[in-house]
Structures are given as C-alpha cells and as structure tokens.
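# Structural overview
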Amino acid sequence: MNKTGIVIILLCFLAAIAAVLWERRKIRKTMEEIERMLDAAMTGSFSETNFDESQLSALETKFAHYLSAAEASSQNVAQEKDKIKTLIADISHQTKTPIANLLLYSELLMEETLPASAKANVEALYKQSEKLRFLIDSLVKLSRLENGIISLSPQPAALQPLLESVVEQYAAKVSEKGLSLQLQDTDAFAVFDFKWTAEALANIVDNAIKYTEHGTITISAVSYEMFARIDISDTGSGIPETEQAKIFARFYRSNSVQKQEGVGIGLYLARQIISGEGGYIKVASVPGKGSTFSIFLPK
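Values in this document were obtained by computation on a predicted structure and should not be read as measured data. (Residues numbered from 1 in each chain as written. Predicted model: local features only at pLDDT ≥ 70, side-chain atom pairs only at ≥ 80, totals over all residues. Heavy atoms only, no water.)

### Considering the sheet that holds strand β4 (residues 216-223)
An order of β2-β4-β5-β7-β6 is seen for the 5 strands of this open sheet, with the pairing classed as mixed. The sheet terminates laterally at β2 (180-183) and β6 (280-286), the two strands that pair on one side only. Strand after strand, the sheet turns through a mean of 15 degrees between neighbouring axes, direction not considered. Direction of pairing for β4 relative to strand β5 (residues 227-233): antiparallel, over a ladder of 6 bridges. Paired with Val222 across the strands is Arg229, a residue of β5. (Pairing = 2+ DSSP bridges. Helix = DSSP H or I, 4+ residues; strand = E, 2+ residues; numbered from the N terminus. Axes fitted to C-alpha atoms, helices over the stretch in contact; angles between N-to-C directions.)

Pasting the structure below:
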C-alpha cells in the first residue's frame, strides 16, 4: 500500500473518531438539557416558550412538549382543588346555621308542655337534625381529607393521653346506655396526628357503643418493634365473616343493623385517617360475642 492510501485510511479513521466524539457531545448536551428541564419542572418554573425547536433534538422537543402538558395538567388540578375547597367551605358554612337552628328550636320545644304525640315528634325532629349534622360534618371532613385540603401531621407521642381523651368523650354516652367503658393503662408510643387519630378512634368507639346492648367496651394498647397496636373490643352483636371485608366501604351498612342509627361513613373515615398516617386497621369478630378493632400506628 502506498503512502497516499495510508494517509486516506488514517484520515477516514480520524473522521470516524471525530464523528463519534461529536455524537457523544450531542448526546451529552441533550441529556444535560433534559436534566435542566426536569429540574425546572420539579421546581414549578418550567416554560417551553424559550425553546427554539430548530436548535433542539427530536427527543428534547418531545420532552419539552410533554413537560408543558404536564405543567398545564398540574395547574388544572390545582385549580380544581381550589374550586372543591371553596365548594366544601360553602356547604359547611351554609348548612351549619340552619342545622344549629333546628337543634335549638327542637330543644326549646322539648322544654314546653306538649301532648305526648307532639313531644314524640319533636324528639324525632331533634334526633334527625343531629343525624343530619353528623352526616354533613363527616362528609366535609372526608372530602377535605380525600382532596388533600387537610393534611395529617403525625408526631411521635404517647398513646395514653389520646386514649384518655376518647374515653372522656364517650363517658356520658356509655353511662346513659348502662355499659362499661374500660381503659387499660399503657406506656406505648407511636407517630400520629392527635386530633385526627382521636376522630378515627371515636368513630370506632361510637360504633361499639351503638351495637353493644350490654357488657363492656375495652380499650388497650401494646407496643411492637415497628408498630403500636390499639385494640377496641366490645361484647356486642359481632360482624358476620362475610361482611368483615365490606364494613370499611363508604356508606356500607349491613342488613342486620339497618334499624340502628348511622350512615355508614364512620369506619370509612377512620380507615382513611389511619391509612394517611401510614397505619392500618384490622377487625376480628364472632357474631353474638363481640368484635375487636385493631389499629396499627407506625412508631
């Protein structure tokens, strides 16, 4: 091979190396640009208006379009959430006063001297107003949780004060029904939002009272390595095994308890709260012998 051929081969080889290096440089530049776009998207400052498609690779262009669409979708979701937040606030505000007035006037009427039939009607009106207030309050709380309007703030804390607050809340109702509500002292700790966890436990205790005709409701807690478990046990009617997986569904009510007061939202709300804290709820029950709801909270 003559010198001219060798030079041509070397030039071709160098050209190939240069082309590879150029492609690598283009790929690196593209990746750096995509990384910059991702950083901008994560901080909410991404904008496609500054891009000149003639200077971008096809991948960069498509990625820019995708991020623009994602940003627009995120803005739409935020706007919808604001609308829902306003709607929920309006519903809560507009219904609070009328229901409070219904309860007030019902109480005033019950203090009057009325015929037995009229008194029974007034008492029924009061109970239905209470039920309506509970339903609207529960729906408002649930909507705020599901739409992220209210965020849980779990903090490490002792469980004893939490359980004592729930027992104190239901002491009068338990006494009125002739039941016994027992709290076993505990030194267990967990990570939870005090207000909302109390709401969840209260819903479970309220159900226990509702479906227990006689006997005892017991609240206890035990600590494990990763979780703390709160048990709420009753000696009530129990839950058939076929229905145990359904009771946490929204508005679910068993045919066997249709005569009892309730709207089927308390257990669903309780599960939403506990799940939002990184915990979970289990139930064990034997019909005719009672139920135990176990709430597991992270430590």
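Next, the rest of the story.
### Description of a nonpolar patch on the surface
On the surface, a nonpolar cluster with roughly 300 Å² of combined accessible area is contributed by Leu104, Tyr105 and Leu108. The residue Leu104 is located in helix α2 (residues 58-110) in this model. (Patch = residues over 30% accessible without salt bridge, like charges linked within 9 Å, V, L, I, M, F, W, Y side chains within 5 Å. Areas by Shrake-Rupley, 256 points an atom, 1.4 Å probe, with all protein chains shown as cover. Salt bridge = Lys/Arg side-chain N within 4 Å of Asp/Glu carboxyl O.)

### A word on the environment of Ala100
Looking at where Ala100 falls in the secondary structure, it is placed in helix α2. A residue is classified by how much of its surface remains accessible, and Ala100, at 40% relative accessible area, is partly exposed. The sequence separation of Ala100 and Arg133 amounts to 33 residues, and the corresponding C-alpha distance is 8.3 Å. (Buried < 20%, exposed > 50% of the residue type's maximum accessible area, 1.4 Å probe, protein only.)

### Structural notes on helix α4 (residues 159-177)
Compared with an ideal rise of 1.5 Å per residue, which puts 19 residues at 27 Å, α4 spans 27 Å between its outermost C-alpha atoms and is within 8% of the ideal. Of all the bends in α4, the greatest, near 45 degrees, is centred on Tyr170. All of the buried residues in α4 are Leu159, Gln160, Leu162, Leu163, Val166, Val167, Tyr170 and Val174. Gly178 sits one or two residues past α4 and shows a positive phi near 80 degrees. (Expected span 1.5 Å × (residues − 1). Bend = angle between axes of the 7 residues up to and from the residue.)

### As for the pairing of strand β7 (residues 290-298)
Counting buried positions along β7 gives 8 out of 9 residues, so the element sits mostly inside the fold. Summarising the sheet, β5 and β7 pair through 7 bridges and their orientation is antiparallel. Considered in β7, the bridge of Phe227 is made with Pro298. Pairing analysis gives 7 bridges linking β6 to β7, with the strands arranged antiparallel. The residue of β7 that forms the bridge with Tyr280 is Phe296. As consecutive antiparallel partners, β6 and β7 are separated by 3 residues, and within that stretch Gly288 has a phi angle of approximately 90 degrees, a positive value.

### Considering the packing of helix α5 (residues 194-210) against helix α6 (residues 266-276)
Where α5 contacts α6, the two axes come as close as 9 Å, and the packing angle between them is 150 degrees. The angle between α5 and α6 falls in the class roughly antiparallel. Seen from above, α5 lies across α6 with left-handed handedness. When α5 is examined against α6, the residues Trp196, Thr197, Glu199, Ala200, Asn203, Ile204 and Asn207 are found in contact with a partner set consisting of Gly266, Leu267, Leu269, Ala270, Ile273 and Ile274. Along the lines of polarity and charge, the residues of the contact of α5 with α6 split into 8 nonpolar, 4 polar and 1 charged. (Parallel < 35°, antiparallel > 145°, perpendicular 65-115°, else oblique. Left-handed = near helix turned anticlockwise from the far one by under 90°. Contact = heavy atoms within 4.5 Å. Nonpolar A, V, L, I, M, F, W, Y, C, P; charged D, E, K, R; others polar.)

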